[in-house]
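Spelled out from the first residue to the last, the chains are:
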Amino acid sequence: MSAGGREAIEPFLAGRGALLDVRAPAEYLQGHIPGARNLPLFSDGERAEVGTTYKQQGRRAAIQLGLQLVGPRLAELGDALSAAHAEAGGGLRLHCWRGGMRSESMAWLAQQLDLPVVVLEGGYKAFRRWVLELVEQPWPVRLLGGRTGTGKTDLLLALQRQGVAVVDLEGLAHHRGSSFGGLGLPPQPSTEHYENRIAMALHSQRQAPQIWLEAESAQVGRCRIPAGLWRQMQQAPLLEIQRPLAERLEQLVAVYGSQGASALREATERIARRLGPQRTAAALEAIDHSDWGGAARQMLDYYDRCYDHELARHGEGDQRRLLGSHPLGGLSAEAAAQQLLASGCITALAG
């Protein structure tokens, strides 16, 4: 990694060394390159102040203010760059919004400390353009479908461990896709950052003959699946898995039973209009009595009807989109993955 160089997006992403985003914390929180750490040149307030000065007084005044703000922190920033370099065991990769003065200033500081550094040409803006172009490209998408509680996510992750290319849309969104989907999980990323995570996951599987995703709605919690990928999902072949009702209820109790009555009541009340008054009342009564299986049974009446409608619509006009149904009752996720691989309907990466 040469000192002070610039790199286009793909060699920059493929490079080694610490990946540092020098934008303000609010910019980073809105969306960033997955794996990047935030080392802001300016705080949110300082960035706003510099921007206002630029608009009202011009470039020179804004630069002068920036120097005044950053000057007292140069030693601190230098220590942070040195620590990141040492921790990564290699050079530094820096970017700001457009590859301009913020990243150049930090690169200059790194050079004074004899730290090898490259700057992303075009900055995060170039990365976002790459993301949006990438999700529009054609991908060998395959969908894993099944009613609620069939353990689709567990199965996808088991397939991944056995060499199948998988993009875990729910894991990347920190949400399981239903009214109850956020319970017990970290806060969701912004849709912008969700797109970034999906793009990086797809890019890492670009040599795969098949890429398996869970059949989802267009939105996973508050995160929206990128339009280009969603269009491909609507046309993708779908493999349905089936499990007995008792196993599905057991799966739902295992996932949600520890979340507490209050959170479960709130999630149930959010879909009360769709459940209807009788199912809602029965579900809430079951929750009040800690009868998690009884509550889940009421939910399945609703979610099964939704799933069956979506499955029928997916196969409309072209039954070739449906790859068949596979009963997996009594099998663990690992055993189910082995069975599907042995059947030939799912292909692992070569080697």
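Analysis parameters
- Just so you know, the residues in each chain are numbered from 1, in the order the chain's sequence is written.
- Where totals are concerned, whole chains, interfaces and linings use all residues; where local detail is concerned, this predicted model gives features only for residues with pLDDT of at least 70, and gives and counts side-chain atom pairs only at 80 or more.
- The side-chain quantities take in all heavy atoms of the structure and omit both hydrogens and water.
- The numbering of helices and of strands both runs from the N terminus, where a helix is a DSSP run of H or I of at least 4 residues and a strand a run of E of at least 2.
- Between buried and exposed lies partly exposed: a residue is buried under 20% and exposed over 50% of the maximum accessible area for its type, with that area taken using a 1.4 Å probe on protein chains only.
- Contacts are assigned to residue pairs with any non-hydrogen atoms lying within 4.5 Å of each other.
- Here the Shrake-Rupley method, with its probe set to 1.4 Å, supplies the accessible areas, and only the displayed protein chains count as covering residues.
- None of His or the chain ends enter the tally, which takes Lys and Arg as positive and Asp and Glu as negative.
- For this purpose, a charge sits on NZ of Lys, CZ of Arg, CG of Asp or CD of Glu.
- Two strands qualify as a pair provided DSSP detects at least 2 bridges between them.
- Here the aromatic set is Phe, Tyr and Trp, taking the six-membered ring for Trp, and pairing holds for ring centres within 6.5 Å; pairs whose planes are under 30 degrees apart are stacked, those over 60 apart are edge-to-face, and all others are tilted.
- Only Lys NZ and Arg CZ are tested; either one counts as a charge over a ring when it is within 6 Å of the ring centre and within 35 degrees of the ring normal.
- Here, the term nonpolar core denotes a set of buried Ala, Val, Leu, Ile, Met, Phe, Trp, Tyr and Cys residues that are joined through side-chain atoms within 4.5 Å.
- The convention used is that axes are lines fitted to C-alpha atoms, helices contributing only their stretch in contact, and that angles between N-to-C directions extend from 0 to 180 degrees.
- N or O atoms closer than or at 3.5 Å make up a polar contact, with two conditions inside protein: a donor-capable atom paired with an acceptor-capable one, and, for residues adjacent in sequence, both atoms drawn from side chains.
- One less than the residue count of a helix, multiplied by 1.5 Å, gives the span that helix is expected to have.
- Regarding the arc, it is the one traced by the directions from the helix axis to the C-beta atoms.

## What to know about the overall build of the protein
- The number of helices and strands found in the protein is 17 helices and 11 strands.
- Dimensions along the principal axes, computed over C-alpha positions, put the protein at roughly 65 × 50 × 40 Å.
- Each of the 351 residues in the protein was classed as buried or not, and the buried ones make up 45%.
- Counting contacts in the protein only where the partners sit at least 6 residues apart, residues at least 24 apart contribute 74% of the total.
- Per element, the accessible surface of the protein, about 17,100 Å² overall, is 51% carbon and sulfur.
- Side-chain charges of the protein comprise 37 positive and 37 negative groups, with the mean position of each set lying 5 Å from the other.

## Observations regarding the pairing of strand β2 (residues 18-21)
- Residues A18 and L20 line one face of β2 and the alternating positions L19 and D21 line the opposite face, and both faces are buried.
- With four bridges connecting them, β2 and strand β4 (residues 92-95) associate as parallel partners. For L20, the partnering residue across the bridge sits in β4 and is L94.
- Looking at chain direction, β2 and strand β3 (residues 37-38) are connected through two bridges and run parallel. Residue pairing across strands places D21 opposite N38, the latter belonging to β3.

## A few points about the packing of aromatic side chains
- Here the structure, examined in full by the defined rule, presents five aromatic pairs.
- Among the aromatic residues, ring-to-ring pairing joins W97, Y124, F127 and W130 into one connected group.
- Looking at R23, its charged tip hangs above the ring of Y124, at a distance of 4.0 Å from the centre.
- Note that R93 overlies the ring of F12, its terminal NZ or CZ placed 5.8 Å from the centroid.

## Quick notes on the nonpolar core
- Counting residues in each nonpolar core, the largest one holds 39 residues, and the members touching the most others are I33, L169, Y194, L202, L213 and L229.
- Setting aside residues no more than four positions away along its own chain, L202 makes contact with L134, V135, W139, V167, I211 and L229.
- Grouped together as the second largest cluster of nonpolar side chains are 24 residues, F42, L69, C96 and A107 included.

## A look at the environment of A110
- Looking at the secondary structure, you find A110 in helix α6 (residues 101-112).
- Residue A110 is classed as buried on the basis of its relative accessible area, which comes to 0%.
- Each C-alpha atom, one on A110 and one on G91, is 9.8 Å from the other, the two residues being 19 residues apart in sequence.
- Aside from chain neighbours lying at most four places away, what touches A110 is L81, L92, L115 and V117.

## Considerations on the sheet that holds strand β5 (residues 117-120)
- The strand order across the open sheet built from five strands is β1-β5-β4-β2-β3, with neighbouring strands paired in parallel fashion. What marks the edges here is a single partner per strand, and that holds for β1 (5-7) and β3.
- Looking at chain direction, β4 and β5 are connected through three bridges and run parallel. Residue pairing for β5: L94 is matched across the bridge by V119.

## A short note on the sheet that holds strand β10 (residues 238-242)
- Taken in spatial order, the four strands make up an open sheet running β7-β6-β10-β11, and their pairing is parallel. Of all strands in the sheet, those bounded by a partner on one side alone are β7 (211-214) and β11 (322-327). Taking each pair of neighbouring strands and ignoring which way they run, the sheet shows an average axis angle of 25 degrees.
- Of the strand pairs in this sheet, β10 and β11 are connected by four bridges, and their pairing is parallel. Bridge pairing links L238 to L322 in β11.
- Each of β6 (141-145) and β7 touches helix α11 (residues 227-235); the most contacted strand, β6, lies at about 65 degrees to it.

## A look at the side chain of R243
- Here R243 is to be found in the loop between β10 and α12 (245-256).
- There is a polar contact of 3.1 Å between the side chain of R243 and the backbone oxygen of T150.
- Engagement of the side chain of R243 in a polar contact is seen with the backbone oxygen of L331, the distance being 2.9 Å.
- Not counting the four nearest positions on each side in its chain, R243 is found in contact with T150, R248, L328, G329, G330, L331, S332 and A336.

## Side note on helix α4 (residues 59-70)
- Its 12 residues give α4 an end-to-end C-alpha distance of 16 Å, which sits within 8% of 16 Å, the value for a rise of 1.5 Å per residue.
- Of the positions making up α4, those classed as buried are A62, L65, G66, L69 and V70. Taken down its axis, α4 places every buried residue within 125 degrees of arc, on the same side. The outward face of α4, more than 90 degrees from its buried face, is lined by the exposed residues R60, L67 and Q68.

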